[in-house]
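Chain by chain, the residues run as shown.
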Amino acid sequence: TTTTTQRHIEKKFTDCKETTTHNNQSKKADTSSRSNKTNLIHRRLLNMAGRAAMLVNLGTVVMTVLTLASFVEGFGVNWGNIASHPLNPDIVVRMLKENKINKVKLFDADSWTMNALAGSGMEVMVGIPNNLLETLADDYGNAKDWVKENITAYMRKDGVNIKYVAVGNEPFLSAYNGSYLKTTFPALKNIHRALKEAGHTDVMKATIPQNAEVYQSANDKPSEGDFRSDVKQIMLDIVKFFHDNDLPFTVNIYPFLSLYLNQHFPVEYAFFDGNGQTIPDNGKNYDNVFDANYDTLVYALNKAGIKDMKIIVGEVGWPTDGHKYATPKLAEKFYAGLMKRLAKDVGTPLRPEKLEVYLFGLLDEDMKSILPGPFERHWGIFRYDGTPKFMLDFTGQGRKIVPVAEKVCNT
């Protein structure tokens, strides 16, 4: 039987088709009556085209430069699909383009999604699920096969612009009780080796997206940052391998979870408005938990003897339901502050430079586990059907505009 959502999508297709047919008929009927008037106007405009053309062209160039310069270059989005009615990937790719989003992070290498991204030019981080880590760790041949089928197959003209391969997803999360401690690093090494043998490491890097839980601070100040004691040795081994092979460290940072997990956490410290407390630390001042968390990692890396490793924020976002602080209003506030920061390229106190950040997430996923909390299904900037949930200016200019919604077809 046809579900309500399927009927909704089918109606959109029908409405679009009928609208397109009607518009085309109207255009044909109107063309003749307008042609004489258009020719008259055209002749008059030609007489004015001298100096005006120069001014218009100059203005167009200036406006184009300003528009292109306004887009935030360092951000992408996470595209998950744990949903009962996932959108057609072709529709999602079009929606990404219309919102000028040119980087996307995936949690697997689904062929439908990958083929939809082919020829788009978007930078892609392809994910390897945690349930594949053991297989990839045990046998290098499995890693070679995975790379051949999920990476090399798309490295063609008009293929997929793969920039990163994410080995696992938050594998050292304490909630996993060490399930992936013995397989993550071997899987990383095998995937990196397979990418290198296939000739891909000049254009893409392997990484491991870790939850910020893998490091901590004894007094909540960044300068006391160090890797969590139960994973410290394996983390030191991994970051040394990263350093030796010029691979980035990927971390997921969630200011919302600071509020969720600690009822005494200062609310404004989760946002970027500077309205909360300021924490001084080693000559640096921290007025938001994102900066403090990021720089806690920087200090942890410094203590490991690594000063210049590239850091990618693999996930950062704000949910809109499932908790008293999970609301569209607060999500709008969080993203507005984040995008303004990214547009200014101010970085963090320890690293005042352009950040590479992937927003989490693009769409709601109504089939995700709610064990972490009911909010888990509501991280999307867009609802599952592609409609936006709050105002968000992806250019970082703070304009009160709504992201471009999905379009089942073009009229």
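To be clear, the structure that these remarks concern was listed above.
Quick caveat: nothing in here was measured; it's all calculated off a predicted structure.

Student: Lay out the pattern of salt bridges in plain terms, naming residues and giving numbers.
Tutor: This structure, assessed with the given rule, holds 19 salt bridges. The partner of Arg399 in a salt bridge is Asp393, with the nearest N and O atoms 3.0 Å apart. What makes Arg399 partly exposed here is its relative accessible area of 41%. For Asp393, a relative accessible area of 5% puts it in the buried group.

Student: Outline helix 11 (residues 328-344), supporting the account with residue identities and numerical values.
Tutor: The first and last C-alpha atoms of helix 11 sit 24 Å apart over 17 residues, in line with the 24 Å expected at 1.5 Å per residue. Turning to helix 11, its buried residues are Leu330, Ala331, Glu332, Phe334, Tyr335, Gly337, Leu338, Met339, Arg341 and Leu342. Buried-residue contacts for helix 11 involve strand 1 (75-79), helix 9 (255-261), helix 10 (289-303), strand 12 (311-316) and strand 13 (356-359). Immediately downstream of helix 11, the backbone of Asp345 shows phi near 55°, a positive value.

Student: Please set out the packing of aromatic side chains residue by residue, giving values where relevant.
Tutor: Tallying each qualifying case throughout the model produces 24 aromatic pairs. Arranged with centres 5.6 Å apart and planes meeting at 10°, the rings of Phe75 and Phe394 form a pair that is stacked. Residue Phe75 is found in strand 1, and its partner Phe394 is found in the segment after strand 13; the two are separated by 319 residues along the sequence. Across the pair, exposure class does not vary: Phe75 and Phe394 are buried alike. Here Phe256 and Trp318 contribute two aromatic rings whose centre-to-centre distance is 5.4 Å and whose plane-to-plane angle is 75°, an arrangement assigned as edge-to-face. Linking Phe256 in helix 9 with Trp318 in the loop between strand 12 and helix 11, this pair joins segments that are 62 residues apart in sequence. Residue Phe256 is classed as buried on the basis of its relative accessible area, which comes to 0%. Judged by relative accessible area, which is 0%, Trp318 ranks as buried. The ring centre of Tyr140 lies 3.7 Å from the NZ or CZ of Arg193, which sits over that ring. Stacked on the ring of Phe271, the Lys or Arg Lys333 has its end atom at 4.6 Å from the ring centre.

Scoring rules and cut-offs
- Residues numbered from 1 in each chain as written.
- Predicted model: local features only at pLDDT ≥ 70, side-chain atom pairs only at ≥ 80, totals over all residues.
- Heavy atoms only, no water.
- Salt bridge = Lys/Arg side-chain N within 4 Å of Asp/Glu carboxyl O.
- Buried < 20%, exposed > 50% of the residue type's maximum accessible area, 1.4 Å probe, protein only.
- Helix = DSSP H or I, 4+ residues; strand = E, 2+ residues; numbered from the N terminus.
- Expected span 1.5 Å × (residues − 1).
- Contact = heavy atoms within 4.5 Å.
- Phe/Tyr/Trp six-rings, centres within 6.5 Å; stacked < 30°, edge-to-face > 60°.
- Lys NZ or Arg CZ within 6 Å of the ring centre and 35° of its normal.

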